[in-house]
Amino acid sequence: MRKLLYTKDTTKYARVKTKKGLMSQLFDENSYLVPFTSLKLENTEDVKLFEGYNPKTIIKVEGNSKGKGFQGVMRRWNFSGGPATHGTKDKHRGGGSIGTQGQGRVIPGKKMPGRMGNDRISVVTKFLGVDADKNIIMVKGSVPGSINSEVIVHLPINNNEN
């Protein structure tokens, strides 16, 4: 079983590579609907690692978010845009001024149009269970990335009740 071990905040973690599957839903013991994402394990030996964990263990899932291409300031940064009337022409979705006249430069970190998405995202969620026959683990909620994208699951090794 290939896994990378590292320590952070005096807790040991195991990194396991998986492939993101489809989202689905199941019912818990109180008949509440629980959405989950299925993650396909790349190594069959990793199923034994997950069988030792009880459901509702807190885990961290890390992956790349979906890329959205070049986007304007209204979508990328939630700008409200300019006024629709009162002499406005061709500036309804523009970003406005980018700085003062005296500086002669744009200040670093200015929110401007550009590429959006395809960032490394970490999500803290709950482990719901494992299906050893299909080589799949179930994770509560959504996971970053598109279907069949590579996702890394960080498992706590000391397996305390979380």
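This text goes with the structure placed above it.
Numbering of residues starts from 1 in every chain and runs along the sequence as written. The predicted origin of the model limits local features to residues at a pLDDT of at least 70 and limits the giving and counting of side-chain atom pairs to 80 or more, whereas totals for whole chains, interfaces and linings rest on all residues. Hydrogen atoms and water are omitted, and side-chain values are computed over all heavy atoms in the structure.

> Quick one: what's the story with a nonpolar patch on the surface, residue by residue and with numbers?
On the surface, a cluster of nonpolar side chains totalling about 220 Å² of accessible area is made up of Ile98, Val106 and Met112. Looking at the secondary structure, you find methionine 112 in the loop between helix H2 (73-77) and strand S6 (114-117). A relative accessible area of 31% means that methionine 112 is categorised as partly exposed. Only residues whose relative accessible area exceeds 30% and that take part in no salt bridge are eligible for patches, with like-charged residues grouped when within 9 Å of each other and nonpolar side chains (Val, Leu, Ile, Met, Phe, Trp, Tyr) grouped when within 5 Å. To measure how exposed things are, a 1.4 Å probe is used in the Shrake-Rupley method; for residues, cover is taken only from the protein chains shown. The working definition used for a salt bridge is a side-chain nitrogen of Lys or Arg within 4 Å of a carboxyl oxygen of Asp or Glu. Starting at the N terminus, helices and strands are each numbered in turn, a helix being any DSSP run of H or I of at least four residues and a strand any DSSP run of E of at least two. The classification of residues rests on relative accessible area computed with a 1.4 Å probe and restricted to protein chains. Under 20% of the type maximum is buried, over 50% is exposed, and intermediate values are partly exposed.

> Break down unusual backbone geometry for me, citing the residues and quoting the values.
You will see that lysine 56, though not glycine, has its phi angle at about 75°, which is positive. Relative to the assigned elements, lysine 56 resides in the loop between helix H1 (46-51) and strand S4 (57-64). Unusually for a residue other than glycine, asparagine 135 sits at a positive phi of about 65°. Inspection of the secondary structure puts asparagine 135 in the loop between strand S7 (120-131) and strand S8 (136-140).

> Which residues make up the packing of aromatic side chains, and what values go with them?
Only Phe, Tyr and Trp rings take part, Trp by its six-membered ring, and two of them pair if their centres are within 6.5 Å. Stacked means planes under 30 degrees apart, edge-to-face means over 60, and tilted covers everything else. Across all of its chains, the model carries one aromatic pair by this definition. With a centroid separation of 5.7 Å and 35° between ring planes, the pair formed by phenylalanine 50 and phenylalanine 127 is classed as tilted. On the criterion of sequence distance, the pair formed by phenylalanine 50 in helix H1 and phenylalanine 127 in strand S7 is long-range, its members being 77 residues apart. Judged by relative accessible area, phenylalanine 50 falls into the buried class, the value being 1%. On the basis of relative accessible area, phenylalanine 127 is assigned to the buried category, the value being 1%.

> Lay out the side chain of serine 149 in plain terms, naming residues and giving numbers.
Take serine 149: it is sitting in the loop between S8 and strand S9 (150-156). Those residues in contact with serine 149, other than ones at most four positions away along the chain, are Thr18, Lys19, Lys20 and Pro144. Here a residue-residue contact requires only that any non-hydrogen atoms of the pair lie within 4.5 Å.

> Residue-level account of the pattern of salt bridges, with values.
On inspection of all chains with the given rule, the structure shows three salt bridges. Its salt-bridge partner being lysine 17, residue glutamate 150 comes within 3.9 Å of it at the nearest N-O pair. One end of the pair, glutamate 150, is in strand S9; the other, lysine 17, is in strand S2 (residues 11-27), and 133 residues separate them in sequence.

> Report on the nonpolar core, specifying residues and quantitative values.
Here, the term nonpolar core denotes a set of buried Ala, Val, Leu, Ile, Met, Phe, Trp, Tyr and Cys residues that are joined through side-chain atoms within 4.5 Å. Phe50, Ile59, Ile137, Val139, Val153 and Leu155 are the most contacted members of the largest nonpolar core, which has 16 residues in total. The set of elements that each furnish at least two residues to this core consists of strand S3 (33-41), H1, S4, S8 and S9. Discounting residues that sit within four places of it in the chain, phenylalanine 50 has contacts with Val16, Leu41, Phe127, Val130, Ile137, Val153 and Leu155.

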